[in-house]
Each structure stands twice: as structure tokens, then as C-alpha cells.
Amino acid sequence: SRVVFLADPVNGQNELFLAPIDGGQAPLQLASGYTFYADAKFSPDGERVVFVAQSTQSGIYSVRADGSEAPVKLSLDGDVVTERYFDFSPDGHWVVYRASTSTSDDFRLFARPVDGSLAGPVTLTAPHVDGNVGRNHWFISEWPFTITPDSSRVLYRADHGFEAIQEFLDIPEVLELYSSPLP
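Treat the numbers as computed from the prediction; the structure is a model and nothing was measured.

Things to note about the packing of aromatic side chains
Consideration 1: Taken as a whole, this structure holds three aromatic pairs when the rule is applied.
Consideration 2: Ring geometry for F5 and F17: centres 5.7 Å apart, planes at 20°, overall stacked. Separated by twelve residues along the polypeptide, F5 in strand β1 (residues 2-7) and F17 in strand β2 (residues 15-20) bring together distant segments of the chain.
Consideration 3: Residue class for F5 comes out partly exposed when judged on its relative accessible area of 28%.
Consideration 4: The exposure class of F17 is buried, given its relative accessible area of 10%.
Consideration 5: Between Y97 and F110 the ring centres are 5.5 Å apart and the planes differ by 25°, which places this aromatic pair in the stacked class. Linking Y97 in strand β9 (residues 94-100) with F110 in strand β10 (residues 107-113), this pair joins segments that are 13 residues apart in sequence. The pair Y97 / F110 is uniform in exposure class, with both members buried.
Consideration 6: Between K41 and the ring centre of F86, over which it is positioned, the NZ or CZ distance is 4.6 Å.

Quick look at the structure:
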């Protein structure tokens, strides 16, 4: 019954709006001041909108769908967010996303409550995984993780970062499936 969209009303900068599909009310501005927006999605209960935006750095943000609060940044400063890779747990409590940190080039999975109530994201990637989480491969779908229907676990695939050795030895890349609990 509602749609989220970008518009540039007057100032030359895109802003995020919400409006009823039937056009019965004026659009409600949810966010402004970012230089880039992508992938706005409603939470399962429709109470929040999560989106990727960039001001000085990319990040994942959450805002109440009624516009009553300013957007909350869910990802940490320094995270390099991969825009298309975030999703909600089916119960709507968590946002899970893939990012690399400022100290590593490897992608990891993180989770944070949709309202930003924890001080920072929880790292979900199992400690024994040394490679990239969710690398795209021609034989596997692009989505790098999935959340179980009961919102208890995140399943993801990862490699161990041995590309140079594999290419030198001409052996196929090894992907492994992992599971991490959501808090």
C-alpha cells in the first residue's frame, strides 16, 4: 500500500520519500542530505525502512516509516558496505549485511537490530573462516547468505582465500557452507 522512492524536489540532491500507492496523501520525506541512495526496503512489519546511503562514507541506515525519527546508521564507520547485500531476519528484529572493515579486505557478515538499539553490529562470521564471505560464483546465486525462517541462524558460503594457490595448481576453488547463530 506504500512505496519508497527517490526524488530531487528542488535542491539538486536526492531525498528518500514514502507515499501511499494510491497517491491519496503528500509524500513523506524520510531522509535527506546523502549523496547516494540504494536498495530501500520495508521491514517485515512495515514499521521501518532500511536503505544504503552515502554521505562521507557508505552505510546502512534505518528510519521509522512514519518519519518520526532521524535515520540511524546500522553499519559502523569504516565499513565498506556492499549495497545489494543486506536483508531482514524473518521476525523483523535484525538486519544482516555483508561488509569489509577498515582493517581487512575480506567480507564478513554483521547483524544489528533494525532500530539500531545495540551500540554496534554483531559479527556473525565464524572465527575459523579466513576468506571472503559470499563471493559471487557463476554456479551459485548472487545472494551471499540466507536467514532461517525462525530467525535463529544465518547460513552463508565462504572460501578460504587461496585463489593464487588454486590458480597455480590449477585446482577448483573450494567453497564451504557455514552457519552462525543470530543473537
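Quick word on the sheet that holds strand β4 (residues 36-42)
Consideration 1: Strands sit in the order β4-β5-β6-β7 across an open sheet of four strands; the sheet is antiparallel. Of all strands in the sheet, those bounded by a partner on one side alone are β4 and β7 (72-73).

Description of the pairing of β10
Consideration 1: Among the seven residues that make up β10, six are buried, leaving the element largely enclosed by the rest of the structure.
Consideration 2: Bridge analysis of β9 against β10 gives seven bridges, and the strand direction is antiparallel. Paired with A99 across the bridge in β10 is R108.
Consideration 3: Of the pairings in the sheet, the one linking β10 to strand β11 (residues 122-123) comprises two bridges and is antiparallel in character.

Focus: the nonpolar core
Consideration 1: Of all hydrophobic cores here, the largest spans 13 residues; its most connected members are L16, Y34, Y37, V49 and F51.
Consideration 2: Breaking this core down by element, the ones donating at least two residues are β2, β3 (28-31), β5 (48-54) and β6 (58-64).
Consideration 3: Per-element tally for this core: the top contributor is β5, with three residues.
Consideration 4: Residues contacting Y34, with those up to four places away along its chain left out, are Q13, N14, F51, A53, Q54, S55, Y61 and P71.
Consideration 5: Ranked by size, the runner-up nonpolar core spans twelve residues in total, among them V52, L74, F86 and F88.

Topic: the sheet that holds β2
Consideration 1: Read from one edge to the other, the open sheet built from three strands follows the order β1-β2-β3, with strand pairing classed as antiparallel. The outermost strands of the open sheet, each flanked by one partner alone, are β1 and β3. Strand-to-strand twist in this sheet, taken as the mean axis angle between neighbours without regard to direction, amounts to 35°.
Consideration 2: Both β1 and β2 contribute to a ladder of six bridges, which runs antiparallel.

Some details on the side chain of R48
Consideration 1: The topology assignment puts R48 in strand β5.
Consideration 2: One buried charged side chain, R48, makes no salt bridge at all; its nearest oppositely charged neighbour is E69, positioned 4.0 Å away.
Consideration 3: One polar contact links R48 to S62, side chain to side chain, over a distance of 2.7 Å.
Consideration 4: Beyond its immediate sequence surroundings of up to four residues, R48 is in contact with K41, F42, S43, S62, V63, R64, A65, E69, V72, V114 and D115.

Side note on the pattern of salt bridges
Between side chains of opposite charge, a pair can form as their charged atoms come close.
Consideration 1: Following the criterion strictly, the structure yields two salt bridges and no others.
Consideration 2: Between E47 and R64 there is a salt bridge, and its shortest N-O distance comes to 3.9 Å. Linking E47 in the loop between β4 and β5 with R64 in strand β6, this pair joins segments that are 17 residues apart in sequence.
Consideration 3: Residue classification places R64 among the partly exposed residues on the basis of a relative accessible area of 23%.
Consideration 4: Here the salt bridges share partners, and the residues they tie into one network are E47, R64 and D66.

The rules behind the values
- Residues numbered from 1 in each chain as written.
- Predicted model: local features only at pLDDT ≥ 70, side-chain atom pairs only at ≥ 80, totals over all residues.
- Heavy atoms only, no water.
- Phe/Tyr/Trp six-rings, centres within 6.5 Å; stacked < 30°, edge-to-face > 60°.
- Helix = DSSP H or I, 4+ residues; strand = E, 2+ residues; numbered from the N terminus.
- Buried < 20%, exposed > 50% of the residue type's maximum accessible area, 1.4 Å probe, protein only.
- Lys NZ or Arg CZ within 6 Å of the ring centre and 35° of its normal.
- Pairing = 2+ DSSP bridges.
- Core = buried A, V, L, I, M, F, W, Y, C linked by side-chain atoms within 4.5 Å.
- Contact = heavy atoms within 4.5 Å.
- Axes fitted to C-alpha atoms, helices over the stretch in contact; angles between N-to-C directions.
- Lys, Arg positive; Asp, Glu negative; His and termini not counted.
- Salt bridge = Lys/Arg side-chain N within 4 Å of Asp/Glu carboxyl O.
- Polar contact = N/O pair within 3.5 Å; in protein donor to acceptor, adjacent residues only side chain to side chain.

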